[in-house]
Amino acid sequence: MAGGMIVTGSLEAKNYPGKLTLRVFMTCLVAAFGGLIFGYDLGISGGVTSMDPFLKKFFPEVYAKEHNIKASDSQYCKFDSQILTLFTSSLYLAALVASLCASTITRLFGRRLTMICGGVLFLAGAALNAFAQKVWMLIVGRMLLGFGIGCANQSVPIYVSEVAPYKYRGALNMMFQLAITIGIFVANVLKYVFSKMENGEGWRYSLGLAAVPAIMIIVGAIFLPDSPSSLIERGLDDKAKEELIKIRGTTDIEEEFKDLVAASEASKMVKHPWVSLLKKQYRPQLTMAIAIPFFQQLTGMNVITFYAPVLFKTIGFGATASLMSAMITGACNALATLVSIFTVDKFGRRTLFIEEGTQMFICQVVITIAIACKFGVEGNPGMLPKWYAIIVVVGICVYVAGFAWSWGPLGWLVPSEIFPLEVRSAAQSINVSVNMIFTFAIAQIFTTMLCHMKFGLFIFFAFFVVVMSLFIYKFLPETKGVPIEEMSLVWQNHSYWTRFVKPADVKPPAHSQGLPTSLLYVNISNFYVL
């Protein structure tokens, strides 16, 4: 037997010392500013496209269709314009490209620089949109915003997962999602206020104020420390140890530091992380990097986020009422994310995924019935009675709350914490890219889908909520409380993934070689020759 050593025992993740220090909290808070730029854009684009002065200036055909709609015309189709939806969706195509490029920057130069680059690009896009005179200026501005979002979404979740103590990783990582929801809510409030401007220029202020969260992430990232993993990855071991002591609030960091160094040494042996991702032992992580963002977009949440005012106007709300309703759902989104922060490390990821999937499914069925009863297949125009409008808004709010404490934050948290260091940047780029591909697709074809599928659109999304909940139940192991550098252990003991991830694929840290067997990775169900 190699080395003459057989190891048995029970699977237990290491209990690294460390506490939730003020430095960690503030570091994660500043990093989460990257979520503000994403959230503000998600919230503002749909509101702007429902403002009459904006439509009249850039999309006169849509404006004419909305205001000259006949009794025989379908209420479902009045916003059906591919150019209009391109204004929203072009950002996410650009974010896809940026996330792929950001992987290299994140790996070679650190997470901070990627955040700063994202903020600068977002700032440029906000300025171009605010002063736009032609449609092409809007589209180019949106693409610059997309490049910025791609950089932020690629780097921030990784950064927070690396800095946060594993016991609080879930809650701290969800600060990114909380920042997204705050950005959405602020955008909804501002577009409601600016829609009342008599000079018709409120849309410029709405788009231009995206510069504020961009400046926040730029300034914040400048003062952020690099994560210990990133410093070690670039050969700055002494600085990494100093930073680890500061963020853990203790000098007893030797075991965690040595494991980080060992993980970095293993990652340097992987010269082509994109190719390595295709290896059998990374099959679980690659599957989750693709499936989770795919399902996250097919919940239908981004349809409500992008086009909430458009959607509310389509189903019979007035212009002001539609913006007010969008503001209410934005507030529910932010408040429900707070619930997730306080529960994710207590109840675990799987529980929130599955329970709230049920909640979203029920709400989508209720919304489908309400819209079908009011407008039917023909979608004849008309205003909703007050009591009926309340039912629709409450149904959407409960649905949004379910997403906000499950698939919203967990869609970013789980992929960011399951990747080994050697493929982490590449895998996170795939995660962001898949997210952006389907965000682009849904944003681009939503108004056409609504026109042709009518209330059946919500049945379409409800079906995928069932599918994704079953997927989580079958394939996702619980990752609560597992140190990020030992995450491979959860796949070994999973009933399905154990056939792909073998003990030989999970190498013990370099410093443990030759030490007592109690320091080696072990599994109760097998005998391993190390």
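The name an unreviewed UniProt entry assigns to the protein is Major facilitator superfamily (MFS) profile domain-containing protein, from the organism Canavalia gladiata. Per UniProt, the comment on the protein under Subcellular location (unreviewed entry) is "Membrane". Here the protein is described in UniProt, under the heading Sequence similarities (unreviewed entry), as follows: "Belongs to the major facilitator superfamily. Sugar transporter (TC 2.A.1.1) family."

A. Spatial organisation of the overall build of the protein. Counting secondary structure elements, the protein contains 23 helices and 2 strands. With 530 residues in all, the protein has 60% of them scored as buried. Taking the contacts inside the protein whose residues are at least 6 apart along the sequence as the reference set, 82% of them involve residues at least 24 apart. When the accessible surface of the protein is summed, it comes to about 20100 Å², and 68% of that surface belongs to carbon and sulfur atoms.

B. Molecular detail of the confidence of the model for the protein. Predicted confidence across the protein gives a mean pLDDT of 78, with 83% of residues reaching 70 or more. Below pLDDT 50 for its whole length, residues 1-12 participates in 31 contacts with residues either more than four positions away or in separate chains. Below a pLDDT of 50 lies the segment residues 508-530, which in the model reaches 55 contacts outside its immediate sequence neighbourhood of four places, other chains included.

C. Expanded view of the nonpolar core. By size, the foremost hydrophobic cluster in this structure holds 68 residues, and its most contacted members are Phe 38, Phe 54, Phe 59, Met 115 and Met 436. At 10 residues, helix H7 (residues 135-163) tops the list of elements feeding residues into this core. Apart from the residues lying within four places of it in its own chain, the contact partners of Phe 59 are Phe 54, Ile 83, Leu 84 and Phe 87. Counting 62 residues, the second largest nonpolar core, distinct from the first, contains Met 288, Ala 289, Leu 352 and Ala 426.

D. Expanded view of the packing of helix H5 (residues 82-109) against helix H21 (residues 424-453). Orientation of H5 relative to H21, taken along the N-to-C sense of each, is 175 degrees, at an axis distance of 8 Å. What the angle tells us is that H5 and H21 run roughly antiparallel. Here the contact of H5 with H21 is built from residues that sort into 12 nonpolar, 15 polar and 1 charged.

E. Inspection of the packing of aromatic side chains at higher detail. Tallying each qualifying case throughout the model produces 20 aromatic pairs. Taken together, a centroid distance of 5.5 Å and an interplanar angle of 65 degrees make the contact between Phe 54 and Trp 203 edge-to-face. Highlighted residues: Phe 54 in helix H3 (residues 52-58) and Trp 203 in helix H9 (residues 202-208), separated in sequence by 149 residues. Side by side, Phe 54 and Trp 203 carry an identical accessibility label, which is buried. Consider the rings of Phe 294 and Phe 438, whose centres lie 4.7 Å apart with planes at 75 degrees: the pair is edge-to-face.

F. Inspection of a nonpolar patch on the surface at higher detail. A cluster of nonpolar side chains, namely Phe 361, Ile 362, Val 365, Val 366, Ile 369, Trp 387, Ile 391, Val 466 and Leu 470, defines an oily patch on the protein surface of about 800 Å² accessible area. Of all the secondary structure elements, the ones that give two or more residues to the nonpolar patch are helix H18 (349-375), helix H19 (386-404) and helix H22 (456-475). By secondary structure assignment, the location of Ile 369 is in helix H18.

G. Just the packing of helix H15 (residues 283-297) against H22, in detail. At a minimum axis separation of 10 Å, H15 and H22 run at an interaxial angle of 150 degrees. Judged by the inter-axis angle, H15 sits roughly antiparallel to H22. The two elements H15 and H22 cross, and the hand of that crossing is left-handed. Of the residues in H22, those touching H15 at Thr 287, Met 288, Ala 291, Phe 294 and Phe 295 are Phe 464, Val 467, Met 468, Phe 471 and Phe 475.

H. Region of the structure containing the side chain of Thr 21. Within the secondary structure, Thr 21 sits in the loop between strand E1 (6-7) and helix H1 (22-31). Assessed through its relative accessible area of 12%, Thr 21 is described here as buried. From its side chain, Thr 21 meets the backbone nitrogen of Val 24 in a polar contact 3.1 Å long. Non-local contacts of Thr 21, meaning those with residues more than four positions away in its chain, are made with Lys 246, Ile 247, Arg 248 and Gly 249.

I. Structural detail: H22. With 20 residues, H22 extends 29 Å between its outermost C-alpha atoms, agreeing within 8% with the 28 Å of an ideal straight helix rising 1.5 Å per residue. Taken as a whole, H22 has its buried residues at Gly 456, Leu 457, Phe 458, Phe 461, Ala 462, Phe 464, Val 465, Met 468, Ser 469, Phe 471, Ile 472 and Phe 475.

J. Spatial organisation of the pattern of salt bridges. The tally for this structure, following the rule as stated, stands at 10 salt bridges. In this structure, Glu 233 and Arg 111 form a salt bridge, with 3.2 Å as the shortest nitrogen-oxygen distance. Highlighted residues: Glu 233 in helix H11 (residues 228-233) and Arg 111 in helix H6 (residues 111-130), separated in sequence by 122 residues. Classification of Glu 233 by relative accessible area gives buried; the value is 12%. One salt-bridge network, in which partners are shared between bridges, spans Arg 111, Glu 162 and Glu 233.

K. Representation of a positive patch on the surface. Together, Lys 280, Arg 283, Lys 474, Arg 499 and Lys 502 make up a positively charged patch on the protein surface. You can see Lys 502 is positioned in the loop between helix H23 (488-492) and strand E2 (528-529). Residue classification places Lys 502 among the partly exposed positions, given a relative accessible area of 40%.

L. Representation of the environment of Met 487 in the model. Checked against the element boundaries, Met 487 lands in the loop between H22 and H23. For Met 487 and Phe 419, which are 68 residues apart along the polypeptide, the C-alpha to C-alpha distance reads 7.7 Å. Once you skip the residues sitting within four places of it in the chain, Met 487 turns out to touch Arg 169, Glu 417, Ile 418, Thr 479 and Val 482.

M. Broad picture of the state of the cysteines. This structure, assessed with the given rule, holds 0 disulfides. As a non-bridged cysteine, Cys 151 has Cys 117 as the owner of its nearest cysteine sulfur, 6.0 Å distant.

N. Spatial organisation of the side chain of Ser 90. Checked against the element boundaries, Ser 90 lands in helix H5. For Ser 90, a relative accessible area of 5% translates into the label buried. The residues contacting Ser 90, other than those within four sequence positions of it, are Ile 139, Arg 142, Met 143 and Phe 440.

O. Structural view of the environment of Ala 95. Relative to the helices and strands, Ala 95 is located in helix H5. For Ala 95 and Asn 435, which are 340 residues apart along the polypeptide, the C-alpha to C-alpha distance reads 9.5 Å. Excluding its chain neighbours within four sequence positions, the residues that come into contact with Ala 95 are Gly 146, Phe 147, Gly 150 and Met 436.

P. Inspection of the environment of Phe 223 at higher detail. Mapped onto the secondary structure, Phe 223 falls in helix H10 (residues 211-223). Since its relative accessible area comes to 68%, Phe 223 is described here as exposed.

What counts and how
Residues numbered from 1 in each chain as written. Predicted model: local features only at pLDDT ≥ 70, side-chain atom pairs only at ≥ 80, totals over all residues. Heavy atoms only, no water. UniProt positions renumbered as here; feature names shortened; annotations may be inferred. Helix = DSSP H or I, 4+ residues; strand = E, 2+ residues; numbered from the N terminus. Buried < 20%, exposed > 50% of the residue type's maximum accessible area, 1.4 Å probe, protein only. Contact = heavy atoms within 4.5 Å. Areas by Shrake-Rupley, 256 points an atom, 1.4 Å probe, with all protein chains shown as cover. pLDDT = per-residue confidence, 0-100. Core = buried A, V, L, I, M, F, W, Y, C linked by side-chain atoms within 4.5 Å. Axes fitted to C-alpha atoms, helices over the stretch in contact; angles between N-to-C directions. Parallel < 35°, antiparallel > 145°, perpendicular 65-115°, else oblique. Nonpolar A, V, L, I, M, F, W, Y, C, P; charged D, E, K, R; others polar. Phe/Tyr/Trp six-rings, centres within 6.5 Å; stacked < 30°, edge-to-face > 60°. Patch = residues over 30% accessible without salt bridge, like charges linked within 9 Å, V, L, I, M, F, W, Y side chains within 5 Å. Salt bridge = Lys/Arg side-chain N within 4 Å of Asp/Glu carboxyl O. Left-handed = near helix turned anticlockwise from the far one by under 90°. Polar contact = N/O pair within 3.5 Å; in protein donor to acceptor, adjacent residues only side chain to side chain. Expected span 1.5 Å × (residues − 1). Lys, Arg positive; Asp, Glu negative; His and termini not counted. Charge placed at Lys NZ, Arg CZ, Asp CG, Glu CD. Disulfide = S-S within 2.5 Å.

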